[in-house]
Amino acid sequence: MEHIRTPKVENVRLVDRVSPKKAALGTLYLTATHVIFVENSPDTRKETWILHSQISTIEKQATTATGCPLLIRCKNFQIIQLIIPQERDCHDVYISLIRLARPVKYEELYCFSFNPMLDKEEREQGWVLIDLSEEYKRMGLPNHYWQLSDVNRDYRVCDSYPTELYVPKSATAHIIVGSSKFRSRRRFPVLSYYCKDNHASICRSSQPLSGFSARCLEDEQMLQAIRKANPGSDFVYVVDTRPKLNAMANRAAGKGYENEDNYSNIKFQFIGIENIHVMRNSLQKMLEVCELKSPSMSDFLWGLENSGWLRHIKAIMDAGIFIAKAVSEEGASVLVHCSDGWDRTAQVCSVASLLLDPHYRTLKGFMVLIEKDWISFGHKFNHRYGNLDGDPKEISPVIDQFIECVWQLMEQFPCAFEFNERFLIHIQHHIYSCQFGNFLCNSQKERRELKIQERTYSLWAHLWKNRADYLNPLFRADHSQTQGTFHLPTAPCNFMYKFWSGMYNRFEKGMQPRQSVTDYLMAVKEETQQLEEELEALEERLEKIQKVQLNCTKVKSKQSEPSKHSGFSTSDNSIANTPQDYSGNMKSFPSRSPSQGDEDSALILTQDNLKSSDPDLSANSDQESGVEDLSCRSPSGGEHAPSEDSGKDRDSDEAVFLTA
Amino acid sequence: MEEMCFQWWVFLFCLSFLFAPQALSTLDSITLMYPFFYRPMFEVIEDGWHSFLPEQEFELYSSATSEWRLSYVNKEFAVCPSYPPIVTVPKSIDDEALRKVATFRHGGRFPVLSYYHKKNGMVIMRSGQPLTGTNGRRCKEDEKLINATLRAGKRGYIIDTRSLNVAQQARAKGGGFEQEAHYPQWRRIHKSIERYHILQESLIKLVEACNDQTHNMDRWLSKLEASNWLTHIKEILTAACLAAQCIDREGASILIHGTEGTDSTLQVTSLAQIILEPRSRTIRGFEALVEREWLQAGHPFQQRCAQSAYCNTKQKWEAPVFLLFLDCVWQILRQFPCSFEFNENFLIMLFEHAYASQFGTFLGNNESESRCKLKLQQKTMSLWSWVNQPGELSKFTNPLFEANNLVIWPSVAPQSLPLWEGIFLRWNRSSKYLDEAYEEMVNIIEYNKELQAKVNILRRQLAELETEDGMQESP
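Definitions and limits used
Residues numbered from 1 in each chain as written. Chains lettered and ligands numbered in written order. Predicted model: local features only at pLDDT ≥ 70, side-chain atom pairs only at ≥ 80, totals over all residues. Heavy atoms only, no water. UniProt positions renumbered as here; feature names shortened; annotations may be inferred. Helix = DSSP H or I, 4+ residues; strand = E, 2+ residues; numbered from the N terminus. Contact = heavy atoms within 4.5 Å. Buried < 20%, exposed > 50% of the residue type's maximum accessible area, 1.4 Å probe, protein only. Phe/Tyr/Trp six-rings, centres within 6.5 Å; stacked < 30°, edge-to-face > 60°. Lys NZ or Arg CZ within 6 Å of the ring centre and 35° of its normal. Domains from an automatic or database assignment. Buried area = accessible area lost by both parts, 1.4 Å probe. Pairing = 2+ DSSP bridges. Axes fitted to C-alpha atoms, helices over the stretch in contact; angles between N-to-C directions. Parallel < 35°, antiparallel > 145°, perpendicular 65-115°, else oblique. Nonpolar A, V, L, I, M, F, W, Y, C, P; charged D, E, K, R; others polar. Salt bridge = Lys/Arg side-chain N within 4 Å of Asp/Glu carboxyl O.

1. Quick word on the UniProt feature "active site" (unreviewed entry) in chain A
All names here are of chain A. With numbering matched to this structure, UniProt assigns "active site" (unreviewed entry) to Cys-338. With respect to the helices and strands, the residue Cys-338 is situated in the loop between strand S14 (333-337) and helix H10 (344-356). Sequence-distant contacts of Cys-338, that is, excluding residues within four places in its chain, are made with Ser-205, Ser-206, Gln-207, Asp-240, Thr-241, Arg-242, Asp-343, Arg-344 and Thr-345.

2. Observations regarding the UniProt feature "binding site: substrate" (unreviewed entry) in chain A
All names here are of chain A. Here the UniProt-annotated "binding site: substrate" (unreviewed entry) positions come out as Asn-275, Ile-276, Cys-338, Ser-339, Asp-340, Gly-341, Trp-342, Asp-343 and Arg-344. The greatest C-alpha distance among the residues just named is 12.3 Å, despite their covering 70 residues of sequence, which places them together in space. Using a relative accessible area of 3% as the deciding quantity, one classes Cys-338 as buried. The topology assignment puts Asp-340 in the loop between S14 and H10. Here Asp-340 is in contact with Ser-184, Arg-185, Arg-187 and Ser-206, once residues within four sequence places are set aside.

3. Let's talk about the packing of aromatic side chains
Under the definition given, this model contains 53 aromatic pairs over all chains. Plain terms: the ring middles of Phe-322 of chain B and Phe-362 of chain B are 5.7 Å apart, the flat faces sit at 50° to each other, and that makes the pair tilted. In this pair, Phe-322 of chain B sits in helix H13 (residues 321-335) while Phe-362 of chain B sits in the loop between helix H14 (344-355) and helix H15 (367-373), placing the two residues 40 residues apart along the sequence. Each residue in the set Phe-286, Trp-294, Phe-301, Phe-322, Phe-325, Phe-340, Phe-342, Phe-346, Phe-362 and Phe-396 of chain B is aromatic and connected to the rest through ring pairs, giving one cluster. The lysine or arginine in question, Arg-138 of chain A, covers the ring of Tyr-360 of chain A, its NZ or CZ lying 5.4 Å from the ring centre.

4. A short note on the domain arrangement of chain A
Residues and elements named next belong to chain A. If you check the domain split of chain A, you get domain 1 (8-102) and domain 2 (140-356). On a C-alpha basis, the centroid separation for the pair domain 1 and domain 2 is 43 Å. Of the residues lining the interface, six residues belong to domain 1; the matching set on domain 2 comes to four residues. For the pair domain 1 and domain 2, the two sides together bury roughly 410 Å², of which 54% comes from carbon and sulfur. Considering only the side of domain 1, the residues that lose the most area to domain 2 are Arg-17, Arg-73 and Phe-77, jointly responsible for 74% of the buried surface there.

5. Overview of the UniProt feature "coiled-coil region" (unreviewed entry) in chain B
Mapped onto the present numbering, the UniProt feature "coiled-coil region" (unreviewed entry) falls at residues 434-468 of chain B. As annotated, residues 434-468 of chain B comprises 100% helix and 0% strand, and the C-alpha atoms at either end are separated by 51 Å.

6. A word on the sheet that holds strand S12 (residues 236-240) of chain A
All names here are of chain A. Spatially, S10-S11-S14-S12-S13 is the arrangement adopted by the five strands of the open sheet, whose pairing is mixed. Two strands close off the open sheet at either side, each with one partner strand: strand S10 (190-194) and strand S13 (266-270). Going from strand to strand, the sheet's axes swing by 25° on average, the running direction of each strand aside. The sheet contact formed by S12 and S13 spans five bridges and is parallel. Along S13, the bridge assignment pairs Val-239 with Gln-269.

7. Things to note about the packing of helix H8 (residues 297-307) of chain A against helix H8 (residues 217-227) of chain B
At a minimum axis distance of 9 Å, the contact between H8 of chain A and H8 of chain B shows a crossing angle of 170°. Taken together, the axes of H8 of chain A and H8 of chain B are roughly antiparallel relative to one another. Packed against H8 of chain A, whose contacting residues are Ser-298, Leu-301, Trp-302, Leu-304 and Glu-305 of chain A, the element H8 of chain B presents Asp-218, Leu-221, Ser-222, Leu-224 and Glu-225 of chain B at the interface. Class assignment of the residues belonging to the contact of H8 of chain A with H8 of chain B gives a composition of five nonpolar, two polar and three charged.

8. Things to note about the pattern of salt bridges
The tally for this structure, following the rule as stated, stands at 52 salt bridges over all chains. In this structure, Lys-119 of chain B engages Asp-248 of chain B in a salt bridge whose closest nitrogen and oxygen atoms are separated by 2.7 Å. With Lys-119 of chain B in the loop between strand S3 (112-117) and strand S4 (122-126) and Asp-248 of chain B in helix H9 (residues 229-248), this pair connects stretches of sequence that are 129 residues apart. With relative accessibility at 58%, the residue Lys-119 of chain B sits in the exposed group. What you see here is one network of salt bridges that share partners, running through Asp-343, Lys-380, Arg-384 and Glu-394 of chain A.

9. Side note on the sheet that holds strand S6 (residues 186-190) of chain B
All names here are of chain B. Within the open sheet, the five strands sit side by side as S3-S4-S7-S5-S6. Their pairing is mixed. Two strands in the sheet have a free side with no partner beyond their single neighbour: S3 and S6. The mean inter-strand angle of the sheet, taken between neighbouring strand axes irrespective of direction, is 20°. Direction of pairing for S4 relative to strand S7 (residues 253-257): parallel, over a ladder of three bridges. Residue pairing for S7: Ile-124 is matched across the bridge by Ile-254.

Here it is as structure tokens:
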């Protein structure tokens with residue numbers, strides 16, 4: 001609180017990004033956790049909430065006649081432009097936000113003050129929703145070849161690894177410790193994914209400290225043990241996800257990569273994924289393109305190419321595809337590493353797992369995948385996503401790239417994922433929001449020391465509770481696309497990778513498709529479910545009445561007792577006899593239309609907004625679009641056409657055409 | 001049988017489209033082409049040649065306005081060879097004046113009604129460029145005709161689909177544009193849309209980029225950019241949005257023309273209608289739109305759609321003008337997936353038939369050719385006769401469609417305009433998973449409808465039984 005120089009500024013204008021001439025007049029509030037803009041307009045009182053932890057950069061621009069402009073760029077790709085009448089106020093807001101957006105202690109983060117009104121028990125249940133020991137059990141572990149090792153108890157061997165690790169049975173503590181001494185930050189090879197069907201596995205580690213000629217017997221034995229744990233193959237792939245040049249440069253620093261001559265039966269492979277600095281700059285360049293005001297098609301495509309972003313996405317996908325193929329087609333185990341084994345390695349292992357195992361394409365499975373390959377194995381969330389004030393050179397969109405890879409796959413396999421695009425977007429949002437404790441700190445050790453589970457809430461429980469919002473209507477557990485390994489073409493084509501405007505331009509609502517097929521289909525499915533229930537109830541009632549009537553007729557005419565089936569056959573006859581009535585009746589059918597249902601959910605979402613636990617709702621226009629989008633998606637209500645929808649976007653587009 | 005026919009057609013299609021032996025794909029004599037030998041294997045329920053008559057179309061808005069009339073001045077195609085025999089013109093302008101205006105407009109294409117916006121009575125007209133030449137010729141009848149479409153005190157916009165520079169250069173060749181001094185109630189806007197030979201180059205480059213087998217992400221994007229295809233999409237859509245905006249938001253009538261008034265003009269007038277008019281987003285309405293704004297309006301299909309992207313020799317008149325229009329429609333469909341009665345397959349089907357077809361619909365360059373010289377109506381089958389059979393229609397129907405009576409404003413930001421993969425990458429990537437997704441979508445909606453029907457029947461049955469019950473009990 002002591003950092004807030006001015007808690008409230010009036011007559012601030014929020015500039016519309018699409019048509020800069022338009023601006024909403026309102027009041028700006030600074031709280032301990034949020035920047036809040038409330039419009040003056042009495043009929044809307046629209047609110048825009050921005051979490052301090054989402055703020056990426058704040059830019060004070062040259063004062064103009066209308067006031068002092070302040071540009072806030074957020075980590076979830078929202079851009080807010082405010083015009084504050086007084087220079088002094090603007091400066092106060094600027095200085096306050098600079099400090100608020102850069103907390104120095106974990107305790108300052110939102111998750112320590114966020115209270116979703118759950119009791120202790122509910123909070124604890126939330127934390128056990130995703131259980132990694134369950135996940136290893138699901139993979140079929142421990143078994144004849146793999147065992148749970150307690151070598152890292154109390155983080156004695158490696159402080160960025162979890163305590164529970166699976167290693168080959170033949171790898172003794174001596175081998176493990178020896179190997180760990182020969183690996184960067186002692187991140188020795190451990191199991192990431194095990195394929196029950198053919199015993200092939202994906203293991204992960206950091207680079208070996210091989211320098212130009214060093215070798216380590218235990219490390220060689222460790223790889224040997226991994227190979228032996230897969231009786232179906234007589235070699236192990238070692239995949240170095242770095243460009244060869246980078247790996248060679250590391251040798252001068254006493255690090256490097258495995259020498260094929262020293263390790264028996266390995267096949268060594270480089271896959272050139274660039275380092276975190278290249279990725280950070282690439283995203284920066286792409287965001288500059290997204291930010292352009294009315295760019296030409298050439299500006300956009302040229303800028304997109306120049307950023308190299310999609311090339312990097314493709315490199316990560318290619319690595320994942322290589323590993324998935326090695327495991328599923330060759331039945332070979334793979335050891336993956338990069339330098340420290342917590343960025344590219346995490347990306348590649350999780351993409352490969354997603355390709356191999358349909359479980360990870362379900363809602364819960366995807367949470368498990370992030371929990372396993374990212375959270376437990378010590379991906380440095382705090383450093384990469386700048387939760388606490390730190391070295392800006394450590395920041396890089398590593399998990400963003402993984403999330404985009406998943407989206408690219410969803411585009412190619414629309415029925416294969418249980419979750420939808422919104423799920424990915426909300427996870428991305430919360431990685432930066434620090435509203436839940438899951439992504440805090442850099443390792444399991446740090447999280448335990450901070451007692452995260454006792455002091456904060458779990459995102460997974462929140463997402464699971466609202467899972468209805470995240471379902472992909474096209475997903476069907478029994479569909480062929482959901483079964484087994486993805487069969488991607490051997491040479492994936494470049495044009496498969498597309499710009500993800502739903503993520504990077506997600507706050508420019510006018511750029512997104514105005515009607516969402518996903519929401520429409522979900523509404524239809526919801527109605528279908530209600531119809532199924534009603535059908536059952538009607539059939540029951542009908543049966544009852546018919547029984548009563550049949551009893552009557554039996555008494556009267558003393559006919560033999562008809563079976564239930566004859567009851568149904570009469571209903572069949574009536575179908576055949578009255579085709580015209582049938583369509584007429586359709587119209588009058590007063591089912592609870594999904595549009596009603598959606599309005600309800602919109603209301604619920606609005607309440608959520610107050611708690612600000614829903615990322616979309618921290619955006620200015622979302623609260624409305626929630627209602628407006630849904631109004632056009634009622635499959636039965638023709639009158640519920642998207643009036644709001646078109647009406648709203650009209651003006652914004654007007655500007656686009658005129659300036660274009 | 002129909003299946004066999006279809007395969008035969010596909011075979012011919014491949015021949016002309018992919019391998020393109022010069023002799024086969026550019027038959028000098030149209031009457032040797034497949035449609036003249038094609039015998040339909042289906043029963044014609046409704047003859048497509050008579051599905052969209054100008055008189056019927058006129059009736060649709062004649063109830064709302066009496067300011068317009070049908071003119072038969074071009075009955076013999078003498079006034080304008082590329083116009084149909086019947087056109088809609090302001091009521092106050094007689095045929096004699098029309099003849100005079102025709103001499104002042106490129107190709108005799110005097111301003112005619114393209115679209116009437118019922119909501120506010122504003123109109124879209126289209127024409128050829130005025131033949132002002134270097135000495136600024138004017139034509140009183142032309143000025144009178146155009147002004148006749150304005151209501152008292154109203155102003156209108158002339159949208160020239162060329163840049164000011166190009167329009168000025170056109171004066172040297174006898175063409176030109178409307179001088180504001182002579183048309184004081186009109187404001188001229190220039191919206192540059194490329195001429196057809198540039199569009200053709202663009203298509204060739206794009207198809208080349210799509211067929212590039214090197215798997216290099218950067219090269220793909222730079223080739224896509226260099227083709228300029230999406231730039232053209234953006235330009236055309238922007239012009240159409242501007243036209244629609246003038247009509248619906250500014251409440252002003254517009255006249256649209258480029259040079260000939262047979263290419264970019266039609267792209268803009270037809271797309272503006274997709275935006276403004278809910279009817280044109282239905283299957284029937286879209287067919288009517290294609291018939292009215294492309295076929296009857298004299299888009300030279302024979303010249304433009306001879307060989308598509310794979311021609312070895314430079315075809316002077318070849319250009320993907322119609323394909324660009326379809327691409328733009330797809331872009332709007334993508335942004336409003338529930339507002340169109342037809343689906344992507346419908347647009348792809350129209351693309352294919354425009355280039356190679358067993359039907360006569362897209363043969364010839366205009367009505368005078370197709371009707372008088374080729375006698376297509378007597379000698380060939382109409383595409384609409386085939387498409388509008390219930391069995392065929394079901395393939396082209398969008399399961400998500402829900403009538404939307406509003407104006408739909410698409411986004412023209414580059415981020416909102418992706419490549420139309422269904423056309424350009426259909427041979428380069430498997431669509432298996434996308435097709436499955438479409439099927440699943442249809443299943444979800446069909447099952448819902450089925451249940452609704454069942455529930456309705458049971459409800460009624462129950463109601464009947466309950467009243468019967470009452471009757472039985474009452475005696």
